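Fold and contact review
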Amino acid sequence: MSSSYLNSQFLVAMPNVVGGDFDHTVTFLCEHNDDGAMGLVINRPTDLDLGDMLGHMGIDHEGLTDPGPVFWGGPVQPERGFVLHPPGGDWEATLTIDNVISVTTSKDILEAIGQGRGPDEYLVTVGYAGWGGGQLEQEILHNSWLNTPADTAIIFGTPATDRWSAAARLLGVDPALLSGHSGHA
């Protein structure tokens, strides 16, 4: 019954239902099965930029052209890094989610990015969001999240402050009607 799984979907947090760290978040679901789900929040930049993170890790980053922010991917394993990127490359630990996006957790991709040899598009997160078996389904039934197929243009080409509104529009919903909020999260 894998057709009911939400791999490669956005979870759009519903205002006034989901609060705290997940308020107005967009989470890209990397994996969803009977055992649970794992996703990465794509619209919560941290104060850490990628160049600083690579420097702290002792990774050469002289070839880094855009030291944009590292994103908070979720509260689970905040010391662990994840890189969302289009498929391609020969990385040590990559999960190809579908034909348009992969997630890599190995240091070799960060080394390549630091040297200017990494993927053309990428988003780096620390930590992830996780749900136990059946937990996400219950949260969806309680209207905590709306789901929609992910759009890589939102992940890689939309400013972080506009991603929640853009994902809500994928649902055919005016974000202002959801929260009386401009959508900037």
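Here the structure is shown first, and the text comes after it.
Every chain is numbered on its own, with residues counted from 1 as its sequence reads. Restriction of local features to residues with pLDDT of at least 70 applies here, the model being predicted, together with a cutoff of 80 or more for giving and counting side-chain atom pairs; totals for whole chains, interfaces and linings are based on all residues. In computing side-chain values, all of the structure's heavy atoms are included and hydrogens and water are not.

**Things to note about the nonpolar core**
The nonpolar side chains of soluble globular proteins are, as a tendency, buried together. By size, the foremost hydrophobic cluster in this structure holds 24 residues, and its most contacted members are Phe10, Phe28, Leu40, Ile42, Leu84 and Ile155. Numbering of helices and strands runs from the N terminus; a helix is a DSSP stretch of H or I covering at least four residues, while a strand is a stretch of E covering at least two. Looking at this core, the elements with two or more residues in it are strand E1 (9–13), strand E2 (26–33), strand E3 (36–41), strand E6 (76–85), strand E9 (123–132), helix H4 (152–157) and helix H5 (163–170). To define a nonpolar core, start from buried Ala, Val, Leu, Ile, Met, Phe, Trp, Tyr and Cys residues and group those joined through side-chain atoms within 4.5 Å. Summary of the burial criterion: residues with accessible area below 20% of their type's maximum are buried, those above 50% are exposed, and those between are partly exposed, where the area comes from a 1.4 Å probe applied to protein chains only. With 14 residues, the next largest nonpolar core counts Leu50, Ile59, Val83 and Ala112 among its residues.

**So, H5**
Most of H5 sits inside the fold, with 6 of its 8 residues counted as buried. Along H5, the positions that sit buried rather than exposed are Arg163, Trp164, Ser165, Ala166, Ala167 and Ala168.

**Re helix H2 (residues 107–114)**
Extensive coverage of H2 is indicated by the burial of 6 of its 8 residues. Among the residues of H2, those classed as buried are Asp108, Ile109, Leu110, Ala112, Ile113 and Gly114. Contacts made by the buried residues of H2 are with helix H1 (50–56), E6, strand E8 (102–104) and E9. Where H2 ends, the next residue or the one after it, Gly116, has phi of about 80°, a positive value. Any two residues whose heavy atoms approach within 4.5 Å at even a single point are treated as in contact.

**Some words on the pairing of E2**
Where burial is concerned, most of E2 is hidden: 6 out of the 8 residues are buried. Examined bridge by bridge, E1 and E2 share 3 bridges and lie antiparallel to one another. Residue pairing in the sheet places Phe10 in a bridge with Phe28 of E2. Note on pairing: two strands pair once DSSP finds at least 2 bridges between them. Between E2 and the antiparallel strand that follows it, E3, lie 2 residues.

**Looking at the environment of Val103**
Checked against the element boundaries, Val103 lands in strand E8. Val103 sits 17 residues away from Asp120 along the chain, and the two C-alpha atoms are 14 Å apart. When neighbours within four sequence positions are excluded, Val103 is seen to be in contact with Cys30, Leu40, Phe82, Val83, Leu84, His85, Ala93, Thr94, Leu95 and Ile97.

**Focus: the packing of aromatic side chains**
The way to describe two aromatic rings as a pair is by their centre distance and the angle between their planes. Within 6.5 Å between ring centres, the rings of Phe, Tyr and Trp (the latter by its six-membered ring) count as paired, and their orientation is classed by plane angle as stacked under 30 degrees, edge-to-face over 60, tilted in between. Following the criterion strictly, the structure yields 4 aromatic pairs and no others. With centroids separated by 5.7 Å and ring planes inclined at 75°, the aromatic side chains of Phe82 and Tyr128 adopt a geometry described as edge-to-face. Remark: Tyr128 occurs in strand E9 and Phe82 occurs in strand E6; sequence separation between them is 46 residues. The interplanar angle of 85° and the centroid separation of 6.0 Å between the aromatic rings of Trp131 and Trp145 together place this pair among those described as edge-to-face. Taken as a pair, Trp131 in strand E9 and Trp145 in strand E10 (residues 145–149) lie far apart in primary sequence, 14 residues in all. The structure contains a cluster of three or more aromatic residues connected by ring pairs, namely Phe22, Trp72, Trp131 and Trp145.

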